Amino acid sequence: MGCIRQFCTFSLGELSFGVDVRSIQEVILHHEMTRVPTAAPVVRGLINLRGQIVMAIDPRRRLGLPPRRSEAESINVILRTEDQPVSLLVDAVGDILDLGEEQMEPPPETVRGEIRGLILGIYKLPDRLLLILDTERMADFDAATESAA
Amino acid sequence: MGEMDLAIQEFLIESRENLDQLDRDLIAIEKDPGSRETLDRMFRTFHTIKGTCGFFDFPRLETVTHAGEGLLCDLREGRLAWSLAITGILLELVDVVRRHLAGIERTGTELEEDDSFLVEALGRLRDRGHDTSGPPIVPGPGSIAAPARPVARAAAAATPFSGLAPASRGEPADGSPAASPSEGTIRVDVGLLDKLMNLVGELVLARNQIFRFTVDDHTSSIEGAVQRLSLITSELQEGVMRTRMQPIGNLWNRFPRLVRDLSLQCGKRAKIEMVGKATGLDKTVLEAIKDPLTHLIRNAIDHGIEFPEERLAVGKPAEGTIHLRAYHEGGLVNIEIHDDGAGVAPSRIKQKALERNLISPEQAARLDDRDLLRLIFQPGFSTAETVTSVSGRGVGLDVVKTNVERIGGTVDLQSEPGQGSTFKVKIPLTLAIIPAMIVTSGGDRYAIPQVSLLELVRLEGEDACRRIEWIQGVPLYRLRGELLPLVDLNRILGGAPPQPPAPGVDPVANIVVLQADNRRFGLIVTEVIDTEEIVVKPLAWQLKKIPIYSGATIMGDGRVALILDVLGIARTAGMNAQGGECACARSDVAADATRSFLLIGLGDGRRLALPLEVVSRLEEIDAGTVETTVNREVVQYRGGILPLVNLATRFGGATAPRDRLQVVVASDNGRDVGFVVESILDIVSATPEVRDLGNSPGILGTAVLQRQVIDLLDVPSLIHGPAATMKGA
């Protein structure tokens, strides 16, 4: 019997992603943001989370996905990371799924680029694929260098 | 006495805590006699108390703790086996130490109590342990072994001195006052204080928000309540700030020892005197200045104070004195480190700086004594004749300067050769809440720490066009006759480069004049909003390497605003952070060799560059005002006579006659000259490698600027007469 883990799911365009619920601090609706000029484009801005300043990042940029077309407001998925919380701006938040640990498969060889180092594995759900993100590595970049997009 | 009190207070608190731990350890060790860790801890407790007693001169307490230390030493090294007798005597020892501490707390001195029986008993235990390690120790006559007896004895011993304190004070029988100072204090986790600070910060923001509502709504009952809330919040904020304040004496307490050790090491004699030990500083600031201050003290002993025989020879006492002084002034803490040593001769600094190629001979000639003294803070500068283990390895005062500046402070040196030197360090009280100027640019708000703010200049209409001069997209402003380089905040933030204002538009320019290091510059912002006390919050580590921000804060409306790093902006704008671009505070000796140059055109495609720091003004004059004296052209300028040098003709070219002349006014050592040029082209920042290619007089050398080979003007030689000897770089 393998371990059952709970994943919070969210979407970026057509793609579905999952994050271990234990690494999620909270999910909040659109929040007023202050941009950080000259920072790498992955940094979308800073939000005030009850007195704590939290950096919001664009997971599309981080993963090397094409930019979002819709003008709809994003949702902040606040991740606990080793250092301080980081907000992922996602399109929509889905259900919490209970999935067996041993059903997770490594990303196929053909998945390349930035995204490869940032996903822990893939679940084959009946209707779609669920990509499990490595939250620590998502937050591990230097915003002062231009290449960190 | 007050300063000593602080130290003793701390000693009492710490010792009490350690003794409580010792009590627990003594119980624990009975169950686990072999525990090395516990033994070590107990040993350290006695050792620490003994050591501190030596410092404060409490000989009795020192003797008993020394005996206890010895016993534990034997136990640690296995010369003695643990026994019930040992537990008993150590417990009694703890009680005796406690009583002494209580006595010190009340009267400032230890008790007149005869502890010799205890010391003897400890000694006997140790002796016996050395003879026979096997059998348990039987209590001998006069020795205290059974736990029951020491307790009784301790109680008995307590009786005489409890009578010292009047019973009317209502003190408990054990002699310790009901509310002794050390019991009136508690140790608090710094993390908790930080959190409180954060919450108070939030409260301040919420208050500001409510305050804004009441500006629109003048219901008097609300107004009154808000005023009270405002008052309470301010007081609470101040109170929480105070909890983080620590007297600078906490840091200084280590210095007497440091001075003693270092002076011995250097073969010198020195003592330290301190004034203002109670001056309070935020804990984080205190930690940040620990290393710089230690370094300055080392420096004072190693480089400042002379050897005893040298001191006697010049009529000073053999023992040198280092004075530390701390005081509050204008929201800053001033710390002065003065030594009565040899002082620093500017000429010697000049010589060293030249030897180490920190400055060129030309620069050296221009620097006055104050500028020369400042050279001591340059990287790679050390005046020690020999490398010693104390200092003189060339890592030195530049690190002090960097560290002090990192927390928004400054450090300066004053020196009187033969009389000594004084280092003046100015630092902010706290780093957590700072006054800041809120400005906007590109629709966003930014906070500028007020410590860097010199003044605000607002130009409207005509002035905004006329008084900002544009040289190929680089703006300059004449601030009371001095050229102030301008930096456009919008451009620094990645926005569009600034444009000279379009005609017809009513232009407004807001210039925030800032000081970064020794340099001034003007920051062009869209709007200046207000000054506010802001709570500084750190940036996510991912953002820390961006040089132009130093932190973030939450504004009254709950939105985040970034705090600008003035030094970082100056550097990003390509300004050399060390050099003085403003002619008034001219210390143009660069740590890095990046300098700014004014590029000028001489017509027929020829160009020249001159260092921006010598340029004081750019003028346009009417050709008709030029008068000719015997050998040169001059113009009446600002109530004086300004000699003109036409650079085109000076360097063998021709000029077309013009109605208006472009004049670059340059000064050196108080003398001005006006260079007549064809056009002013640009300002460039570069790290040029200046080569002497057998240049003609008046040319310093040749360098590559903007991928072009350009001759550098030797301004001093042109000012001080064309016949002056020319020097290569």
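Criteria and thresholds
Residues numbered from 1 in each chain as written. Chains lettered and ligands numbered in written order. Predicted model: local features only at pLDDT ≥ 70, side-chain atom pairs only at ≥ 80, totals over all residues. Heavy atoms only, no water. Helix = DSSP H or I, 4+ residues; strand = E, 2+ residues; numbered from the N terminus. Buried < 20%, exposed > 50% of the residue type's maximum accessible area, 1.4 Å probe, protein only. Contact = heavy atoms within 4.5 Å. pLDDT = per-residue confidence, 0-100. Phe/Tyr/Trp six-rings, centres within 6.5 Å; stacked < 30°, edge-to-face > 60°. Lys NZ or Arg CZ within 6 Å of the ring centre and 35° of its normal. Pairing = 2+ DSSP bridges. 1 Å grid on protein atoms, 1.4 Å probe; cavity = no way out; pocket = protein on both sides within 12 Å on 5 of 7 lines; lining within 4 Å. Points joined across faces, edges and corners; volume = space filled by probe spheres on them. Nonpolar A, V, L, I, M, F, W, Y, C, P; charged D, E, K, R; others polar. Expected span 1.5 Å × (residues − 1). Buried area = accessible area lost by both parts, 1.4 Å probe. Salt bridge = Lys/Arg side-chain N within 4 Å of Asp/Glu carboxyl O. Polar contact = N/O pair within 3.5 Å; in protein donor to acceptor, adjacent residues only side chain to side chain.

This paragraph deals with the overall build of chain A. The secondary structure content of chain A amounts to three helices and 10 strands. Counting from the amino terminus, helix and strand elements in chain A follow one another as β-β-β-β-β-α-β-β-β-α-β-β-α. Here chain A holds 149 residues, and the buried ones make up 52% of them. Taking the contacts inside chain A whose residues are at least 6 apart along the sequence as the reference set, 56% of them involve residues at least 24 apart.

Turning our attention to the confidence of the model for chain B. Residues and elements named next belong to chain B. Mean pLDDT over chain B works out to 76, with 81% of the residues at or above the 70 mark. Note that pLDDT drops below 50 for residues 131–179; the model gives that stretch 54 contacts with residues more than four away or on any other chain. Confidence over residues 384–395 falls short of pLDDT 50; this stretch has 22 contacts with residues more than four positions distant or in other chains.

Counting across every chain of the model gives three aromatic pairs over all chains. Here Phe10 of chain A and Phe17 of chain A contribute two aromatic rings whose centre-to-centre distance is 5.9 Å and whose plane-to-plane angle is 20°, an arrangement assigned as stacked. Residue class for Phe10 of chain A comes out buried when judged on its relative accessible area of 2%. The lysine or arginine in question, Lys268 of chain B, covers the ring of Phe307 of chain B, its NZ or CZ lying 5.0 Å from the ring centre.

Let us look at the pairing of strand β4 (residues 320–329) of chain B. Residue and element names in this part refer to chain B. Both strand β2 (residues 270–275) and β4 contribute to a ladder of six bridges, which runs parallel. Within the sheet, the bridge partner assigned to Lys271 lies in β4 and is Thr321. Of the strand pairs in this sheet, β4 and strand β5 (residues 332–339) are connected by eight bridges, and their pairing is antiparallel. Looking across to β5, one finds that His328 is bridged to Val333.

Residues and elements named next belong to chain B. Taken as a whole, the second largest pocket spans an internal volume of roughly 990 Å³. Along its surface, the second largest pocket is lined by 28 residues, and Glu10, Arg187, Gln246, Pro247 and Asn250 are the ones closest to its centre. Here the lining of the second largest pocket gets seven residues from one element, more than from any other, and that element is helix α1 (residues 2–31). Tallied by class, residues from the lining of the second largest pocket come to 11 nonpolar, seven polar and 10 charged.

Residue and element names in this part refer to chain A. The element strand β6 (residues 75–79) is largely enclosed, with a buried count of five among its five residues. What you see with β6 is no split at all: Ile75, Val77 and Leu79 on one side and Asn76 and Ile78 on the other are buried throughout. In the sheet, strand β3 (residues 24–28) pairs with β6 via four bridges, with the strands oriented antiparallel. Its bridge partner being in β6, Ile28 is matched across the sheet by Asn76. In this sheet, strand β7 (residues 86–90) lies alongside β6 in antiparallel orientation, the contact comprising five bridges. Looking across to β7, one finds that Ile75 is bridged to Val90. From the end of β6 to the start of β7, which pair antiparallel, there are six residues.

Turning our eyes to something else, we now look at helix α7 (residues 190–216) of chain B. An ideal rise of 1.5 Å per residue puts 39 Å on 27 residues; α7 of chain B measures up with 40 Å between its terminal C-alpha atoms. All buried positions along α7 of chain B are accounted for by Leu193, Met197, Val200, Gly201, Val204, Leu205, Arg207, Asn208 and Thr214 of chain B.

All right, on to the interface of chain B and chain A then. Contacts between the two partners involve 25 residues from chain B, matched on the other side by 26 residues from chain A. The largest per-residue losses of area from chain B upon contact with chain A belong to Trp541, Gln542 and Val560 of chain B, which jointly make up 31% of the total buried on that side. At the junction of chain B and chain A, the tally comes to three salt bridges. A salt bridge links Glu32 of chain A to Arg559 of chain B, with the shortest nitrogen-to-oxygen separation between them at 3.0 Å. Our count for the contact surface shared by chain B and chain A stands at nine residue pairs in polar contact (both at pLDDT 80 or more). Among the secondary structure elements, those contributing two or more residues to the side of chain B that touches chain A are α7, β9 (444–449), β17 (549–554) and β18 (560–564) of chain B. With four residues, the top contributor of residues to the side of chain B that touches chain A is β17 of chain B. Of the residues that constitute the side of chain B that touches chain A, the class distribution is 14 nonpolar, six polar and five charged.

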